[in-house]
2 protein chains.
Amino acid sequence: MNVVRTQVLADATLSKKMADAIRMLSLDAIERSGDGHPGAPLGCAEIATVLFTRHLKLNPANPNWFDRDRFVLSNGHGSMLLYSVLHLSGYEAVTIEQIKSFRKLGSICHGHPEYATEHGIEVTTGPLGQGFANGVGMAVAEEHLRSVLGPDIVDHFTYVLAGDGCLMEGVAQEALSLAGHLRLGKLIVLWDDNSITDDGSTSISISEDIRSRFRAAGWQVLDADGHDMEAIDVAIAHAKSDSRPSLIACATTIGRGFVRLEGQRGAHGSRVFKEDTEAARERLDWTSPPFVVPENVLAGWRSMIEARNGVEYRAWQARLAGLPADKRALVERLAARELPTGWEESLRLYKRSAINLPAQPSIQSSGEAIASVFAAIPELVSGAPDLEGPTGHKRELRAFAASDRGGRFVHYGIREHAMGSMMNGMAAHGGIVPIGATYLAFSDYLRPAIRMAALMGVRSIFVYSHDSIGIGQNGPTHQPVEILASLRAIPNMLVMRPADAVEVAECWEIALARRDGPSSLILSRQALPPVRRSHTDENLCARGAYVLAAAVGGPRQVSLVATGSEVSIALKAKRLLEKEGISSAVVSMPSWEAFEQQDEDYRRSTLGGADTLKVGIEAAVRQGWERYLGEDGIFVGMTGFGASGPGEDLFRHFGITAENVVHQVKRAVRSS
Amino acid sequence: MNVVRTQVLADATLSKKMADAIRMLSLDAIERSGDGHPGAPLGCAEIATVLFTRHLKLNPANPNWFDRDRFVLSNGHGSMLLYSVLHLSGYEAVTIEQIKSFRKLGSICHGHPEYATEHGIEVTTGPLGQGFANGVGMAVAEEHLRSVLGPDIVDHFTYVLAGDGCLMEGVAQEALSLAGHLRLGKLIVLWDDNSITDDGSTSISISEDIRSRFRAAGWQVLDADGHDMEAIDVAIAHAKSDSRPSLIACATTIGRGFVRLEGQRGAHGSRVFKEDTEAARERLDWTSPPFVVPENVLAGWRSMIEARNGVEYRAWQARLAGLPADKRALVERLAARELPTGWEESLRLYKRSAINLPAQPSIQSSGEAIASVFAAIPELVSGAPDLEGPTGHKRELRAFAASDRGGRFVHYGIREHAMGSMMNGMAAHGGIVPIGATYLAFSDYLRPAIRMAALMGVRSIFVYSHDSIGIGQNGPTHQPVEILASLRAIPNMLVMRPADAVEVAECWEIALARRDGPSSLILSRQALPPVRRSHTDENLCARGAYVLAAAVGGPRQVSLVATGSEVSIALKAKRLLEKEGISSAVVSMPSWEAFEQQDEDYRRSTLGGADTLKVGIEAAVRQGWERYLGEDGIFVGMTGFGASGPGEDLFRHFGITAENVVHQVKRAVRSS
């Protein structure tokens, strides 16, 4: 490698051209698309060049190399920086044609980077701060996997390029605090310190000493001229050699080379016109036509990357091949994101035993169910934002800590948002299936991360306790009423609200088996009586909804459709209705999304036909229930926020009782 | 005052009893309720006693005194601390009977404090970090109003009591950074520094130097023994005299006096039993029975508060009375949260002129509409999280800054969550009507604050631009599809999505006139053609939905119900359907919540009867639309996340076009 490196670096002109290639590719693409963000690609060209050609461990021929360094562009609006760099590095999918269609429908060069590790995009970024916290999660994954698999197999860095906006966001503030606490020494954040945000000078909204802030959290802080490649090179080398996470403040000029606007607010997201690319060509002494990278420049990029990584990659493959069969199989399984064969067994045993459990909180059942597979699925990493006690998903796991990298429970502190984004980073990194448990009312705190999990389609598993007014006296701040609806509204989010321990076990099996998206388990603090009293091998929750108790004494007149804690209310209502000579069936409906996947026959036979009165029972707002209840249906639930009082009092106060269900059904039956 | 103060303070036993009164009232109430959080009330008894009896400017006989100091209990789980203190201070509503019914349905002593300034509760708290950021917003309100009304009328402090959890939250990290930048010297945060969180020692999840972190942001940091009343007294005096915001780190023992658990994790939220209250009585040498406060202790509290505040309050009333009539009227108007008479006029003029506007983004129309009332409504304070340019709600306003307190636009920086919580603090403070503008996709970042605004019922006005795939090339990270549904799911949130500049003006009038809750205006980045081409004095949006274009050539067969940017698609579809001989009406439906308030006749006549085919058109997910479309209705919208491409391409790609509406209507009409 040194030969090539020496040759290339000896040629100062070539080195400069290697960075300018990013500038010109980005400007040409942004001009062509008529829209984009030139500020970061131009401002960070030297940073990216040094990082990719001199430090990053990667293999463009095998982008999913398990032990590659991870690179996150947290300031995702600078997406052309990433596409340019991936093309220059030799990622085959990122062709000039793709770059020419930047921001066009169908291009892999989307407006913001979208999760696609197969061509070098580690996470979706754009909403500021997310990428920073994703990177912290990736660094946790790396530390843990290194301790489990050994440094011969896992030993890489996580690099994050972040702008001022990313650092201002609360999610990054939470994540950096935890990163310092956990001493994530292989996390290196390159700060595009250009003193400009969308509104103008950063001095408009911040005068904080950012270096001191990071030092206060236990970070190493370094400074470098962001346009001086040697200085950046030295800083990264320093960062790599320190046991603390490192922030490298790279002083840059936003949009450098965007002659008309460089160094100005306008450079961030202005349109680029032909005159601008021409002015840049002249300024940069760039003679090639648009979208053409000179041979020697491309060769410089690729030879340096190959020279440094080729040997490393082959050596890693050799080490992998040299592993004992079982350990190699483990690595290959984790890299393939496959769960171990037979992982479901202990969960199914728990389900079998659960029919005999007494009434207990479904959050407790969830803790028991997941504990049963911790041993079988070593990649499960649980955690909670300071609610380990009330959520109970730590069990026998040791805490992940600076002093214990083998720990599998992350104490996130009171940092819900960082938890969500870090989970996404762990899931995207691979080798980890992250679980995070908090109260449903606080899911709003991590909602931007939840949305990204659904958009990326990663296997982040969110466990939410305290799911309704059933929590009682803590009052409306802690009582979700709208949050089930708001989670169900998110595309690709699988929401499940099990009614008892058996359904909890079934829902966990669904969540763990799901490969292409996140799951949300909605669980109660209050004890729930068992509703599934006989065992069946079939996973009934996988259907989304099913007839839990069929109508007796005549054809079904009424369908009582309920979820979670309200299923037992439906069962009681059924008994009371029978006394009134009204026959009803109880439908347990743990998951709308799963139910929507069933064919129409199943859906109709489960809910009942047009002449069946549908009653929805859920201690939450009605929104969306109309779909299952029809125009004449009845909904028994919440119409506003909760109140502070004992849970049973609240269910009575808000009329979510079997008696009220019966009352309303009788009125409807009479009037029909 | 000095006489009383000297008398009371000379009696060391009495001073101690005054703090212990908080402990015993809290313990007795928590024991009686069978549930609660003793840790903070017991740990912070001395802090609260010193603050209320020696510093806080308040008048229990007039809790809404406009110039009172504001006190926020950010660690809201310690609610009994607040109720005890309010009772001891003499707030009549907070009786011993109310305290005895702590956490019972109907009591004003809710599990967590709920916004009720009429008895001394300045904001609802519980979700951690919110109160801290509310306090920063209150301090902004105070600085601004002091500059506008003069220090004779407004000159008070904002005190926040916060725990470790509050400080870890991203929202507090964002808010403290901005508070330092804005040099909010009248903001004083008392940190309950007890080194314990729910999971145990804070060392489990944080090792940051919190003092350095605050200093890095420009705060004064002081230390005090949280159980030494003289030390607390001195620290608060120091804090008041400094021009920077101050953090007072009060070293405390959690649950001090809760003999069984004091200083331990369990003290935070454990049940309190009779043995515990008895042990506390013995430890504290407290001889009175439960819920009884010794006369001299009560007298100590009230005499000190009266001695210090009585004179101040009367002097303030005298200064108010001495004001010129117009200025006094202004103060009284602001205190009463009334808008100035005639405030609507300029907005209505804008509406009148809007029928002649060309197609333009509704976010632009919103900026124009609100600019028209900035002069008429001086209490409007606008702001944005670094999106002032693309949202355009600054207009001619000056920035609020350390150097310009008269400024009415807050540059929040890239801190959406702090913006939302600060807005709530400003709205709760009174004298300010806060407006915050960002992209709809980023509303998730402030969602916890949005929920609190709705729960408190404060007039925070959220302006959201970039409301759909219409934004085009920035792609799915920036394209909301689920967020309309998730906002509509929140009780007491008024969501409005106007279709053109006329509707924008009407929606602004509704939002500003609303006194009992927040509003969300959902606006487009892309240009929207005008749909209201003739003027009407009536505010049609106030009905939630209305017939924009009636059916012609026969009775209405189809109702095309649309919102915002899709209304013009509905109008085009109507024209196409007429060519096909199908008569349809276009219903513009800017607000579901407002429509739900209309009587059934109006709703039926607007949407059409059972035999009218309903078609919902909205570039978002279907959730909730079933309610208006019925079982046979059609929905034309999104089923998943968006994509990166030009907006027009995306509308075609996802089938949100007049042609597709016609296609589906024809199929439905044929099959029926």
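The residue count restarts for each chain, going from 1 along the sequence in the order it is written. Starting at A for chains and at 1 for ligands, labels are handed out in the order in which the entities are written. Per-residue local features are limited, in this predicted model, to residues with pLDDT of at least 70; the limit for side-chain atom pairs, both in listing and counting, is 80 or more; totals at the level of whole chains, interfaces and linings are taken over all residues. Note that the side-chain values use all heavy atoms of the structure and ignore hydrogens as well as water.

The condition is simple: UniProt positions are given in the numbering used here, feature names are shortened, and annotations may be inferred rather than shown by experiment.
As recorded in an unreviewed UniProt entry, chain A goes by the name Transketolase, listed as coming from Bradyrhizobium agreste. As recorded by UniProt, the Sequence similarities (unreviewed entry) comment attached to chain A reads in full: "Belongs to the transketolase family."

## Quick notes on helix 11 (residues 229-240) of chain A
So the rule is basically this: Runs of H or I in DSSP of at least four residues are treated as helices and runs of E of at least two as strands, each being numbered from the N terminus. Helix span, as expected, comes to 1.5 Å for every residue beyond the first. Residues adjacent in sequence count toward polar contacts only when both atoms are side-chain atoms; beyond that, a polar contact is any pair of N or O atoms within 3.5 Å, and within protein one must be able to donate a hydrogen and the other to accept it.
An ideal rise of 1.5 Å per residue puts 16 Å on twelve residues; helix 11 of chain A measures up with 16 Å between its terminal C-alpha atoms. N-cap assignment for helix 11 of chain A: the residue whose side-chain oxygen lies 3.0 Å from the backbone N of A:Glu230 is A:Asp228.

## Here's the deal with the relation of the copies chain A and chain B
Counted only if it meets this: Each copy is superposed on the other by least squares, with the fit set by C-alpha atoms of residues at a pLDDT of at least 70 in both. Throughout, a contact is declared for two residues whenever any of their heavy atoms are within 4.5 Å.
Each copy of the sequence occupies a distinct position, and chain A is placed on chain B by a rotation of 180° and an axial shift of 0.0 Å, giving an RMSD of 0.0 Å. Read as a symmetry element, the transformation amounts to a two-fold axis. No C-alpha of chain A approaches the rotation axis more nearly than that of A:Gly170, which lies at 1.8 Å. Of all interface residues in chain A, 100% are interface residues in chain B too; the two copies therefore contact each other through one and the same surface.

## Structural notes on helix 12 (residues 274-283) of chain A
Residues and elements named next belong to chain A. The criterion, for reference: Exposed residues in this analysis have more than 50% of their type's maximum accessible area, buried residues have under 20%, and partly exposed residues fall in between, with area computed by a 1.4 Å probe over protein chains only. In this description, one arc is meant: the one made by directions from the helix axis to the C-beta atoms.
The set of residues buried in helix 12 consists of Asp-276, Thr-277, Ala-280 and Arg-281. End-on view of helix 12: buried residues confined to an arc of 140°, all on one side of the axis. Of the residues in helix 12, the exposed ones pointing more than 90 degrees away from the buried face are Glu-275 and Glu-282. For helix 12, the elements touching its buried residues are helix 2 (12-33). Asp-285 lies just past helix 12 and shows a positive phi near 50°.

## A short note on the sheet that holds strand 10 (residues 409-411) of chain B
Residue and element names in this part refer to chain B. Under the convention used in this document: Strands qualify as paired when DSSP identifies two bridges or more between them. Angles here are taken between N-to-C directions and fall from 0 to 180 degrees, while the axes themselves are lines fitted to C-alpha atoms, restricted in helices to the stretch in contact.
Taken in spatial order, the six strands line up as 10-9-11-12-14-13 in an open sheet, and their pairing is parallel. Bordering the open sheet on either side are strand 10 and strand 13 (494-496), each of which pairs with just one other strand. Within the sheet, the average angular offset between the axes of one strand and its neighbour, ignoring direction, is 20°. Note that strand 9 (residues 380-384) and strand 11 (residues 433-439) share two bridges and pair parallel. Opposite Val-381, over in strand 11, you have Pro-434 as the bridge partner.

## Overview of the pairing of strand 3 (residues 187-193) of chain A
Residues and elements named next belong to chain A. Strand 3 sits mainly inside the fold: seven of its seven residues count as buried. Side-chain alternation along strand 3 places Leu-187, Val-189, Trp-191 and Asp-193 on one buried face and Ile-188, Leu-190 and Asp-192 on a second face that is also buried. Pairing analysis gives six bridges linking strand 2 (residues 158-163) to strand 3, with the strands arranged parallel. Its bridge partner lying in strand 3, Leu-161 is registered against Leu-190. Pairing between strand 3 and strand 7 (residues 246-251): six bridges, direction parallel.

## Considerations on the environment of B:Glu388
Residue and element names in this part refer to chain B. Locating Glu-388 in the fold gives a position in helix 17 (residues 388-391). Assessed through its relative accessible area of 17%, Glu-388 is described here as buried. Measuring from C-alpha to C-alpha, the distance between Glu-388 and Glu-416 comes to 13 Å, with 28 residues separating the pair along the chain.

## Concerning the nonpolar core
Note the threshold: In this description, a nonpolar core means a group of buried Ala, Val, Leu, Ile, Met, Phe, Trp, Tyr and Cys residues linked to one another through side-chain atoms lying within 4.5 Å.
Judged by nonpolar contacts, the single largest core of 129 residues is most densely connected at A:Phe132, A:Trp219, B:Leu560, B:Val615 and B:Ile617. Examining the composition of this core, we find that nine residues originate from one element, helix 7 (residues 130-149) of chain A, more than from any other. In this structure, A:Phe132 is in contact with A:Ser74, A:Val160, A:Ala162, A:Leu167, A:Ala172, A:Ala175, A:Leu176, A:Val189, A:Phe214 and A:Trp219, ignoring residues within four places of it in sequence. By size, the runner-up hydrophobic cluster in this structure holds 128 residues, among which are A:Val561, A:Leu571, A:Val615 and A:Phe635.

## A look at the side chain of B:Asn59
All names here are of chain B. As for its placement among the helices and strands, Asn-59 is situated in the loop between helix 4 (45-55) and strand 1 (70-73). Assessed through its relative accessible area of 14%, Asn-59 is described here as buried. Here Asn-59 is in contact with Trp-65 and Tyr-313, once residues within four sequence places are set aside.

## So, the pairing of strand 19 (residues 613-617) of chain A
Residue and element names in this part refer to chain A. Taken across its five residues, strand 19 has five buried, putting it largely inside the fold. A two-sided burial pattern is seen for strand 19, the buried positions comprising Leu-613, Val-615 and Ile-617 on one face and Lys-614 and Gly-616 on the other. Bridge analysis of strand 17 (residues 558-562) against strand 19 gives five bridges, and the strand direction is parallel. Across the sheet, the residue bridging to Leu-560 is Val-615, located in strand 19. Sheet topology places strand 19 next to strand 20 (residues 634-636); three bridges connect them, and they run parallel. Directly across from Ile-617, in strand 20, lies its bridge partner Val-636.

## Quick notes on the sheet that holds strand 18 (residues 584-588) of chain A
All names here are of chain A. Spatial ordering of the open sheet is given by 16-18-17-19-20, a layout of five strands whose pairing is mixed. Edge positions in the sheet fall to strand 16 (546-549) and strand 20, since each has one partner strand and no second. Strand-to-strand, the axes of this sheet are offset by a mean angle of 30°, without reference to chain direction. The sheet strands contacting helix 22 (residues 567-579) are strand 16, strand 17, strand 18 and strand 19, and the helix crosses strand 18 at an angle near 175°.

## Things to note about the interface of chain A and chain B
To be explicit about the condition: Here the quantity called buried area is the accessible surface, traced with a 1.4 Å probe, that two parts lose on coming together, added over both. Each reported salt bridge corresponds to a side-chain nitrogen of Lys or Arg within 4 Å of a carboxyl oxygen of Asp or Glu. Residue polarity is assigned by list, with Asp, Glu, Lys and Arg as charged and Ala, Val, Leu, Ile, Met, Phe, Trp, Tyr, Cys and Pro as nonpolar; anything else, Gly included, falls into the polar class.
The interface of chain A with chain B comprises 95 residues on the first partner and 95 residues on the second. For the pair chain A and chain B, the two sides together bury roughly 7900 Å², of which 53% comes from carbon and sulfur. The largest per-residue losses of area from chain A upon contact with chain B belong to A:Leu105, A:Tyr445 and A:Arg451, which jointly make up 10% of the total buried on that side. Where chain A packs against chain B, one counts ten salt bridges. Summed over the shared surface of chain A and chain B, the number is 64 residue pairs in polar contact (both at pLDDT 80 or more). Here the side of chain A that touches chain B is composed, by residue class, of 32 nonpolar, 36 polar and 27 charged.

## Let's talk about the packing of helix 2 of chain A against helix 12 of chain A
All names here are of chain A. Where we set the bar: Working definition: roughly parallel below 35 degrees, roughly antiparallel above 145 degrees, roughly perpendicular at 65 to 115 degrees, and oblique for all remaining angles. The crossing is said to be left-handed when, going from far helix to near helix, the turn is anticlockwise and less than a right angle, and right-handed when the turn is clockwise.
Between helix 2 and helix 12, the least distance of the axes is 9 Å, while the angle of their chain directions is 170°. When the axes of helix 2 and helix 12 are compared, the pair comes out roughly antiparallel. Where helix 2 crosses over helix 12, the two elements pack in a sense that is left-handed. Here Met-24, Leu-27, Asp-28 and Glu-31 of helix 2 come into contact with helix 12, specifically with Lys-274, Thr-277, Ala-280 and Arg-281. The residue inventory of the contact of helix 2 with helix 12, partitioned by class, reads three nonpolar, one polar and four charged.

## Considering the environment of B:Leu9
Inspection of the secondary structure assignment puts B:Leu9 in helix 1 (residues 2-10). Counting along the chain gives 221 residues from B:Leu9 to B:Glu230, while the straight-line C-alpha distance between them is 9.7 Å.

## Here's the deal with the UniProt feature "domain: Transketolase-like pyrimidine-binding" (unreviewed entry) in chain A
Feature annotation in UniProt assigns "domain: Transketolase-like pyrimidine-binding" (unreviewed entry) to the following positions: residues 360-531 of chain A. Taken end to end, residues 360-531 of chain A is 35% helix and 18% strand, and its two terminal C-alpha atoms sit 12 Å from one another.

## Brief notes about the environment of A:Ala428
Residue and element names in this part refer to chain A. Topologically, Ala-428 is positioned in helix 18 (residues 416-429). Along the primary structure Ala-428 and Thr-124 are separated by 304 residues, whereas in three dimensions their C-alpha atoms are 9.7 Å apart. Not counting residues up to four positions away in its chain, the partners in contact with Ala-428 are Tyr-115, Glu-122, Val-123, Met-138, Arg-337 and Val-458.

## With respect to the side chain of A:Thr125
Following the sequence through the fold, A:Thr125 ends up in the loop between helix 6 (96-100) and helix 7. In this structure A:Thr125 comes out as buried when scored by relative accessible area, which is 1%. A distance of 2.8 Å separates the side chain of A:Thr125 from the backbone oxygen of A:Leu73, its partner in a polar contact. Excluding residues that lie within four positions of it along the chain, A:Thr125 makes contacts with A:Val72, A:Leu73, A:Ser74, A:Gly76, A:His112, A:Pro113, A:Gly131, A:Met452 and B:Thr477.

## Remarks on a negative patch on the surface
Filter applied, for reference: The residues that make up patches have over 30% relative accessible area and no salt bridge, and they are joined within 9 Å when like-charged or within 5 Å when they are Val, Leu, Ile, Met, Phe, Trp or Tyr. For accessible areas, the Shrake-Rupley method is used with a probe of radius 1.4 Å. Any residue's cover is judged against the shown protein chains and nothing else. Neither His nor the chain ends contribute to the count of charged residues, in which Lys and Arg are positive and Asp and Glu negative. To locate a charge, take NZ of a lysine, CZ of an arginine, CG of an aspartate or CD of a glutamate.
Taken together, the side chains of A:Glu631, A:Asp632, B:Glu631 and B:Asp632 present a region of like negative charge at the surface. Within the secondary structure layout, A:Asp632 lies in the loop between helix 25 (626-629) and strand 20.

## Focus: the packing of aromatic side chains
Worth spelling out the cut-off: Stacked, edge-to-face and tilted are the three classes for Phe, Tyr and Trp ring pairs, Trp counted by its six-membered ring, which pair at centre distances within 6.5 Å; planes under 30 degrees apart are stacked, over 60 edge-to-face, the rest tilted. In our convention, an over-ring charge means Lys NZ or Arg CZ found within 6 Å of a ring centre and within 35 degrees of that ring's normal.
Applying the stated criterion across every chain yields a total of 32 aromatic pairs over all chains. Their ring planes at 85° and their centres at 4.9 Å tell us that B:Phe214 and B:Trp219 sit as a pair that is edge-to-face. Judged by its relative accessible area of 1%, B:Phe214 is buried. Exposure remark for B:Trp219: the relative accessible area of 2% places this residue in the buried category. These aromatic residues form a ring-pair network of at least three members: A:Trp592, A:Phe595, A:Tyr602, A:Trp625, A:Tyr628 and A:Phe635. The ring centre of B:Tyr602 lies 4.1 Å from the NZ or CZ of B:Arg543, which sits over that ring.

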